[in-house]
Amino acid sequence: MIFLVQQTMIFAIPLLIVALAGVFAERSGIINIALDGIMIFGSFIGAVVVYNIQMAQNGPSGQVLYLIALLASALAGGIFALLLGFSAITLKADQTIGGTALNLLAPAISLLLIKVVYGQNALRMPTGTVKEYMLHIKTGTFLDAFTDMSYISTYIMIVLFIILSIVLYKTKFGLRLRACGEHPQAAASVGINVRKMRYIGTFLSGCLGGMGGYIYIATVSAGTAQGTVAGMGFLALAIMIFGNWKPVGIAIGSLLFGLLKCIGSSYRAIDINNDGIAGLANLNLPSYFYNIIPYLAVLIVLAFTSKNSRAPKAEGIPYDG
Amino acid sequence: MNKFLKFFKSLFCSVDNKEPKLLTAYKKESTKSILSSIICIATGVLIGFFIMLILEITSDDIPTGDAVNGFFILLGGPFASKSDVMFILGDMLFQTTPLLLTGLAVAVAFKTGLFNIGAPGQYLMGAMVAIIVALGIPVKSEVAGFFVWLLALICGMIAGALWGAIPGAFKALLGVNEVIVCIMTNWIAANVVSWVFSVNKQFVNGAQSKSGYTIPTIQNGVATPKLGLDQIFKGSYMDIGLFIAIAIAIVIYVILNKTTFGFELRACGHNKHAAKYAGMNEKRNIILSMAIAGALAGCGAALYFLNGKVELYWNTYQTLPADGFNGIPVALLASNNPIGVIFGSLFLRYIEKGGFNLAGYTMFNEYVSDLIIAIIIYFAGFSKLIKDILSGRKSNKKGSMLKKLSSLFKKKGKKQEQDDLNQQNNSQNQVGDREVVE
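Throughout this description, residue numbers start from 1 for each chain and increase along the sequence as written. Key to labels: chains lettered from A, ligands numbered from 1, both in the order written. In keeping with the model being predicted, local features are shown solely for residues with a pLDDT of at least 70 and side-chain atom pairs are shown and tallied solely at 80 or more, while totals for entire chains, interfaces and linings include all residues. Note: side-chain values were computed over all heavy atoms of the structure, leaving out hydrogens and water.

## A look at the overall build of chain A
For chain A, the helix and strand inventory stands at 13 helices and four strands. Compactness check: chain A gives a C-alpha radius of gyration of 20 Å against a globular reference of 20 Å for 321 residues, within 12% of the reference. Taken along the three principal axes of its C-alpha coordinates, chain A extends 65 × 50 × 35 Å. Contacts: residue pairs with any heavy atoms within 4.5 Å of one another. Expressed as a percentage of contacts within chain A between residues at least 6 apart in sequence, the contacts between residues at least 24 apart total 76%. Surface accessibility in these figures is a Shrake-Rupley result with a 1.4 Å probe; residues are shielded only by whichever protein chains are displayed. In the form shown here, chain A has an accessible surface area of approximately 12,700 Å², with 68% of it arising from carbon and sulfur atoms. The helix and strand labels rest on DSSP assignments: H or I over at least four residues marks a helix, E over at least two residues marks a strand, and numbering proceeds from the N terminus. The globule rule is 2.2 Å times the number of residues to the power 0.38, and the radius of gyration it is compared with is taken over C-alpha atoms.

## A closer look at the packing of aromatic side chains
Only centres within 6.5 Å qualify two rings of Phe, Tyr or Trp (six-membered ring in Trp) as a pair; their planes then separate them into stacked at under 30 degrees, edge-to-face at over 60, and tilted for everything else. In total, this model carries 26 aromatic pairs over all chains according to the counting rule given. Pairing Phe 289 of chain A with Tyr 290 of chain A gives two aromatic rings, centres 5.5 Å apart and planes at 80°, and the pair type is edge-to-face. Partly exposed describes any residue whose relative accessible area lies between the buried limit of under 20% and the exposed limit of over 50%, with all areas from a 1.4 Å probe on protein chains only and scaled to the type maximum. The class for Phe 289 of chain A is partly exposed, based on a relative accessible area of 30%. Geometrically, the ring pair formed by Phe 379 of chain B and Phe 382 of chain B is edge-to-face, given 5.5 Å between the ring centres and 75° between the ring planes. Summarising the burial analysis for this pair, Phe 379 of chain B and Phe 382 of chain B share the class buried. Here the aromatic cluster, defined as three or more aromatic residues joined through ring pairs, consists of Phe 94, Tyr 123, Tyr 237, Tyr 304 and Phe 305 of chain B. Comment: the charge-over-ring label is applied if NZ (Lys) or CZ (Arg) is within 6 Å of the ring centre and within 35 degrees of the ring normal. Between Lys 82 of chain B and the ring centre of Tyr 361 of chain B, over which it is positioned, the NZ or CZ distance is 4.2 Å. Seen from the ring of Tyr 213 of chain B, Lys 210 of chain B lies directly overhead, with NZ or CZ sitting 5.5 Å from the centre.

## Some points on the interface of chain B and chain A
Contact with chain B, which involves 50 residues of that partner, is made by 44 residues of chain A. When the buried surface of chain B facing chain A is broken down by residue, Met 184, Trp 195 and Tyr 378 of chain B rank first, second and third, together holding 16% of it. A side-chain nitrogen of Lys or Arg and a carboxyl oxygen of Asp or Glu constitute a salt bridge if their distance falls within 4 Å. Taken together, chain B and chain A are joined by zero salt bridges. We call two N or O atoms a polar contact when they sit within 3.5 Å, provided that within protein one can donate a hydrogen and the other can accept it, with sequence-adjacent residues counted only if both atoms are side-chain atoms. At the junction of chain B and chain A, the tally comes to two residue pairs in polar contact (both at pLDDT 80 or more). Mapped onto the side of chain B that touches chain A, the elements with two or more residues apiece are helix H3 (29–58), helix H7 (142–174), helix H8 (178–199), helix H14 (322–333) and helix H16 (367–380) of chain B. Take the side of chain B that touches chain A: its biggest share by element is 13 residues, from H8 of chain B. Classification used: nonpolar for Ala, Val, Leu, Ile, Met, Phe, Trp, Tyr, Cys and Pro, charged for Asp, Glu, Lys and Arg, polar for all others including Gly. Looking at the side of chain B that touches chain A, its residues break down into 36 nonpolar, ten polar and four charged. Two parts lose some accessible area (1.4 Å probe) when they are put together, and adding that loss for both gives the buried area.

## Details of the nonpolar core
Put simply, buried Ala, Val, Leu, Ile, Met, Phe, Trp, Tyr and Cys residues joined by side-chain atoms within 4.5 Å make one nonpolar core. Tyr 214 of chain A together with Leu 104, Ile 180, Phe 197, Phe 305 and Leu 306 of chain B are the most contacted members of the largest nonpolar core, which totals 210 residues. Examining the composition of this core, we find that 14 residues originate from one element, helix H5 (residues 85–111) of chain B, more than from any other. Look past the residues within four positions of Tyr 214 of chain A in its chain and what remains in contact with it is Gly 42, Ser 43, Gly 46, Ala 47, Val 50, Tyr 66, Ala 69, Leu 70, Ser 73, Met 125 and Tyr 133 of chain A.

## Some words on a positive patch on the surface
Note that patches include only residues with greater than 30% relative accessible area and no salt bridge, and the join distances are 9 Å for like charges and 5 Å for nonpolar side chains (Val, Leu, Ile, Met, Phe, Trp, Tyr). His is not counted here, nor are the chain ends, while Lys and Arg score as positive and Asp and Glu score as negative. Charge coordinates come from a single atom per side chain, which is NZ of Lys, CZ of Arg, CG of Asp or CD of Glu. Residues Lys 307 of chain A together with Lys 272, Lys 276 and Lys 283 of chain B make up a contiguous surface patch of positive charge. By the element assignment, Lys 272 of chain B lies in helix H12 (residues 272–277). Its relative accessible area of 35% is what places Lys 272 of chain B among the partly exposed residues.

## Regarding the pattern of salt bridges
Residues and elements named next belong to chain B. What the rule picks out here adds up to five salt bridges over all chains. Glu 178 serves as the salt-bridge partner of Lys 171, at 3.2 Å between the closest nitrogen and oxygen. Glu 178 gets classed as buried once you look at its relative accessible area, which sits at 6%. For Glu 352, the salt bridge is made with Arg 349, and the minimal N-O distance between the two is 2.9 Å. Placement of both Glu 352 and Arg 349 in helix H15 (residues 338–361) is noted, with a separation of three residues, approximately one turn of the helix. Several salt bridges converge on common partners, so that one network encompasses Asp 323, Arg 349 and Glu 352.

## A look at helix H13 (residues 282–305) of chain B
Expected helix span is given by 1.5 Å per residue-to-residue step, counting one fewer step than there are residues. Taking 1.5 Å as the rise per residue, H13 of chain B with 24 residues should run 34 Å; its terminal C-alpha atoms sit 35 Å apart, in good agreement. Counting buried residues along H13 of chain B, 19 of its 24 residues qualify, which places the element largely inside the surrounding structure.

## Let's talk about unusual backbone geometry
All names here are of chain A. Look at Asn 244: it is not a glycine, yet its phi comes out positive at around 65°. Examined against the element boundaries, Asn 244 turns out to sit in the loop between helix H11 (232–242) and helix H12 (247–266). At Trp 245, a residue that is not glycine, the phi angle is positive and equals roughly 60°. Tracing the sequence through the fold places Trp 245 in the loop between H11 and H12. When its relative accessible area of 2% is taken as the criterion, Trp 245 is described as buried.

The values are spatial; any link to function lies outside them.
This is the structure:
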């Protein structure tokens, strides 16, 4: 059970934060299909920073280094997303095309630089890094599920998620941002600078996406930047649509997805009632069956809830003003 | 024949009081599209070159002159190879086949206003069914081999079509965003394919070195006809698949642009509600469009794996085939024109081969070509802006100037823009007019 909670969190956190990244862009009116590329670029810059600091040997290490890497990847992701902002907001280009271009650009540029600058096919952060990030606070109670074998990033992201959700719904800034995604002309008529808000939305989206990318490679993908996040960005996009462009929906979606995904990848070892027998493994179903379940579950839930689904009205439409 | 002569004459001389077509060609919308594509490509290649130059200057490992050298190797594509050019060219053409068809799969869906990011899944399903049919029916003679090949191709298309129809049905009947369904069905397809082949070991290559691959279909006597192409491109996998794909692209072009059904599909893409009120069955059209897209992707996979020698990596549940996703840049490069998709896919493969040569002969690597493609797509996003500039309508894009104008004038500006479309020659005068009003 403890194991299940730990594993679910590891899968769910990148999804959660990247889906929220999608919300910030789309609620401001910019379709952000580039989440995958932003994650890749953020993870690459994060890995470069960690690699160089660890190679220098007298720099910070452990959790401090992890935080530095998170900040660096957030900044990198934000700047990278501004490329999308520039094409979509200033040049009024098709947002799907701009996003696709970024999705292609990120792996190309990171793999090119990894090979030319570091002479490797994948940038592996020096060994020990991933373990170093883990918290090992053993209390001997059920709380272990949250303190042992977990990452500090998990809690930072949960706090960030809550703060940003409040910002989006309870502050003037959030209201303005959402207005730009629903009806930019109306927003402009009351004096909101639509372009600026959309740029801010895209930048924040990039920051969160970049961080999500780095968390993904640090926690799920064994600390290696190799120009891919295994389609995690697209999954986050799907979770965002699944969550109806709302933080609560996203939280439910990513936890559900993370749980099912975690069952799929470790059903052999799951022992819910601690009797020493892994119940699911005895069913003798192939692992592919468990792998399919999360995707199938999303489809089934969508089929029943789709009537309530509503995208921001003005997303994808360039603002002429 | 007469018609042709008249057309030929009209290129150079005045016919029916129209100016010679070659002189007025630059005004045509299609010429501007092609020109703006060329501008995008040139910009992408140049930026790629500058990045190589910067890397050469900053890095100690890269010898001087590698960037310039690499630039020409990249532009040379398969022709820059120092080994057998015909072999690499043949492989390039053969590998264009699946890319062309997945590009079409994305383009057709785009025409109906749908973003088909599900091509990888449709591709995998097509590949799986085609391989199972090709290997599952024992072939005794050469003629039987051809019919099994045809059957496998058709079954692959049907499998792709059914898989593609799922997101279409979700969109049309339940109103679920097609992007999310496509992403989910992609991963389901990847797992289904792995599942099916992990159970049915008779299709799986037993050799230790080939772990995770299927048996090549030639072992059952099923292969795409070569018609001597393998003699021209010696050693390569080249077969008639590319020509089938090109023929399909032309058919799709005709369907989309010359038939009522194609018009309905495009009408749904332009404005779903207008199409509905004009009496079109927009739900049926959405499902059909996705099914056609799926059939195209499935056909691409079938043609690729029915070549005879190609093996499918069936243990694919953690990755999706790149050819599926690469259909998106191809379609974007071609601005969703089926004929453009032919050239777009050829160009992508050409520059990819250049990238591989780059890795072979310089300190750079194949990712430079990926980078260039990404930059080209980025610029393709503002092809409309480039087209406007080509038409001499620069003034409309000066946001700062427009901002200063009163809302009344803005309305007038829009009207002028429409006039612009009718009389592009006068754009200079209109710029003058505007300045006066300001």
